[in-house]
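Given next are the chains, with one letter for each unit.
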Amino acid sequence: MLTAFHRLYSDVNAANLKVQLTHTPKEKLAPENLTFGTTFSDHMLEIDWDAKDGWHDPHIVPFGNLELHPASSALHYGLECFEGMKAYIDGEGKARLFRPMDNFNRLNDSCARLCMPKFNAKEVEKCLEELVRLDKGWIPNKEGYSLYLRPTVIATHPILGIAPAARVKLFVIASPVGPYYKDGFKPIKLWATKEYVRAFPGGTGNTKVGGNYGPGILAQQQAASRGCSQVLWLTPGTQCNGDLFCTEVGAMNQFFLWKDKKTGKPTLVTAPLDGTILPGITRRSILELVREDPEIKKMGITVEERHYTIQEVCDTVKDGRMIEAFGCGTAAIVTPVNGIQFEDVDYAIPAGKDGVAGDLTNAVYHKMLSIQYGKEAHPWSVLLD
Ligand SMILES: *Cc1c(COP(=O)(O)O)cnc(C)c1O
């Protein structure tokens, strides 16, 4: 029998959300002065969990520092995972989210990989909606601008043993951001390297866990010293026959559009979700658009989610069959790729008639913007009233 002293092991319930408003609202920067991830809105969402009681009541509180025990296992063993999503202001001044449930479902998958507790994704999404409504004034009201949302889960369990955490904190902070491209697309060059590996079969490449990102910074620096903007991550094939599969780029999924070697038909190639690739929501949206959107379908492109090697990419460039290439993710939507460096050789990738971005890159970019900013009704865009 339950008594007043026994709380039911509970899941998140948005109806119990408590809101504590800030007494000291901050000054907002002019939109043109925003730098990614450096300024934050007035409030944040916090939901604690412990193994005895489950998820506690959600709280929206004034933005501020967290107090953490120095033995918290997030700080020692990387028990941390996160999401990246955005809130937009549409033409009628209303706030919108883009496929937010996909982010919370993916966050649950990341939690499960780290033996951290799952949560009711819909209830947490409702709490996030409240945070966005409350800090709506922080969403810059200009196309291309948005409020970047960073849901995060950390293990706050203060024990140095390596074990599943018995205490966890989920929080969401929000940062106003400008468009990735202020004056049109800037194509980037990628460095494909054998030296570093981001993910491998059985690893954590398909989850957004903090441990995937810190070790990539060194490779990123070396890419920069070679005049490349990002690393094209390669993973040795499981057959161990020396094949190096292309996986993804920095924190973006990668697409190549080329003429198929046999048929000559335009074919959009991207790595499959084999456990080493982050299942990007932008990736998924682009695949769905190319397969189903009436306008984009007219381009007659065949889609292939399959393993492909760096050698295949280089050969395609050498044969003159490469049409265009782009990376994709929430931050930039799409980023045109105009070159790849592999084993000190540069392979130039066409970047459309204007030398900036190809037709598919442009089509996908404008379609996504149109959906995200509510210029057309679409089930992916969630309107907050
Ligand atoms: C976040 C991320 C992406 C892009 O995912 P979206 O859901 O499209 O933002 C791609 N690759 C990696 C490694 C990432 O961390």
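Predicted, not measured: the structure shown is a model, and the values here were computed from it.

A.B. asks: Sorry if this is basic, but what is going on with the packing of helix α2 (residues 100-113) against helix α3 (residues 121-134) here?
C.D. replies: What describes two packed helices is the angle between their axes and the distance between those same axes. Interaxial distance between α2 and α3 falls to 9 Å at its minimum, and their mutual angle equals 125°. Taken as axis vectors, α2 and α3 run oblique relative to one another. The hand of the α2/α3 crossing is right-handed. Facing Pro100, Met101, Phe104, Asn105 and Asn108 of α2, the residues of α3 in contact are Ala121, Lys122, Val124, Glu125 and Leu128. For the contact of α2 with α3, a count of residues per class yields six nonpolar, two polar and two charged.

A.B. asks: For this particular structure, what's the right way to read the nonpolar core?
C.D. replies: Within the largest apolar cluster, 40 residues are counted, with the highest numbers of intra-cluster contacts made by Met116, Phe119, Val132 and Leu149. The set of elements that each furnish at least two residues to this core consists of β2 (43-50), β6 (85-89), β7 (95-98), α2, α3, β8 (146-155) and β9 (167-177). Top contributing element to this core by residue count: α3, with six residues. Ile296, Leu360, Tyr365 and Leu369 belong to the second-largest nonpolar core, a separate cluster that totals 29 residues.

A.B. asks: Help me understand the domain arrangement of the chain, please; the structure alone is not making it clear to me.
C.D. replies: Note: interface size is frequently given as the accessible area lost on complex formation between the parts. Assigned domains within the chain: domain 1 (14-179) and domain 2 (188-372). Taken over C-alpha atoms, the centre of domain 1 sits 29 Å from the centre of domain 2. Counting the surface lost from both domain 1 and domain 2, the interface buries some 1,800 Å², and carbon and sulfur atoms represent 58% of this. In this structure, the connection of domain 1 to domain 2 is made through two salt bridges. Salt-bridge contacts for Arg284 lead to Asp102; the nearest nitrogen and oxygen are separated by 2.7 Å. Inspection of the region where domain 1 meets domain 2 yields twelve residue pairs in polar contact (both at pLDDT 80 or more).

A.B. asks: Help me out: how do you make sense of the UniProt feature "modified residue: N6-(pyridoxal phosphate)lysine" (unreviewed entry) in the chain in this one?
C.D. replies: According to UniProt, the "modified residue: N6-(pyridoxal phosphate)lysine" (unreviewed entry) feature falls on Lys208. Apart from the residues lying within four places of it in its own chain, the contact partners of Lys208 are Cys81, Phe82, Glu83, Gly84, Arg106, Ser110, Tyr213 and Leu278.

A.B. asks: Quick question: what am I supposed to make of the pattern of salt bridges here?
C.D. replies: Charged atoms that come close allow side chains of opposite charge to pair. Following the criterion strictly, the structure yields 29 salt bridges and no others. In this structure, Glu288 engages Arg284 in a salt bridge whose closest nitrogen and oxygen atoms are separated by 2.9 Å. Highlighted residues: Glu288 and Arg284, both in helix α5 (residues 281-292), separated by four residues, approximately one helical turn. Of the charged contacts in the structure, one is a salt bridge between Arg321 and Asp319, with a shortest N-O distance of 3.1 Å. For Arg321, a relative accessible area of 14% gives the class buried. Via salt bridges that share partners, Arg99, Asp102, Arg284 and Glu288 belong to a single interconnected network.

Thresholds, definitions, all that
- For every chain, the first residue of its written sequence is number 1, and the numbers climb from 1 along that sequence.
- Totals for whole chains, interfaces and linings use every residue, but because this is a predicted model, local features are given only for residues with pLDDT of at least 70 and side-chain atom pairs only at 80 or more, for both listing and counting.
- With hydrogens and water stripped out, all remaining heavy atoms of the structure feed into the side-chain values.
- The axes are straight lines fitted to the C-alpha atoms, using for helices just the contacting stretch, and the angles between their N-to-C directions are given from 0 to 180°.
- Going along the chain from the N terminus, every DSSP run of H or I of four or more residues is numbered as a helix, and every run of E of two or more is numbered as a strand.
- Roughly parallel means an angle under 35 degrees; roughly antiparallel means over 145; roughly perpendicular covers 65 to 115; every other angle is labelled oblique.
- Two helices cross in a left-handed way if the nearer one is turned anticlockwise from the farther one by less than a right angle. They cross in a right-handed way if the turn is clockwise.
- Contact criterion: two residues are considered in contact whenever any of their non-hydrogen atoms come within 4.5 Å of each other.
- Nonpolar residues are Ala, Val, Leu, Ile, Met, Phe, Trp, Tyr, Cys and Pro. Charged residues are Asp, Glu, Lys and Arg, and all others, Gly as well, are polar.
- We define the nonpolar core as a collection of buried residues of types Ala, Val, Leu, Ile, Met, Phe, Trp, Tyr and Cys that are connected through side-chain atoms lying within 4.5 Å of one another.
- Relative accessibility thresholds used throughout: buried, under 20% of the residue-type maximum; exposed, over 50%; partly exposed, between the two (1.4 Å probe, protein chains only).
- Residue ranges for the domains trace back to a domain assignment, done automatically or taken from a database.
- Buried area: the sum, over both parts, of the accessible surface (1.4 Å probe) that disappears when the two are put together.
- Within this document, salt bridges are pairs made up of a side-chain nitrogen of Lys or Arg and a carboxyl oxygen of Asp or Glu, the two lying within 4 Å of each other.
- Polar contact is the term for a pair of N or O atoms within 3.5 Å; when the atoms are in protein, one must be able to donate a hydrogen and the other to accept it, and sequence-neighboring residues count only if both atoms are side-chain atoms.
- UniProt positions are given in the numbering used here, feature names are shortened, and annotations may be inferred rather than shown by experiment.

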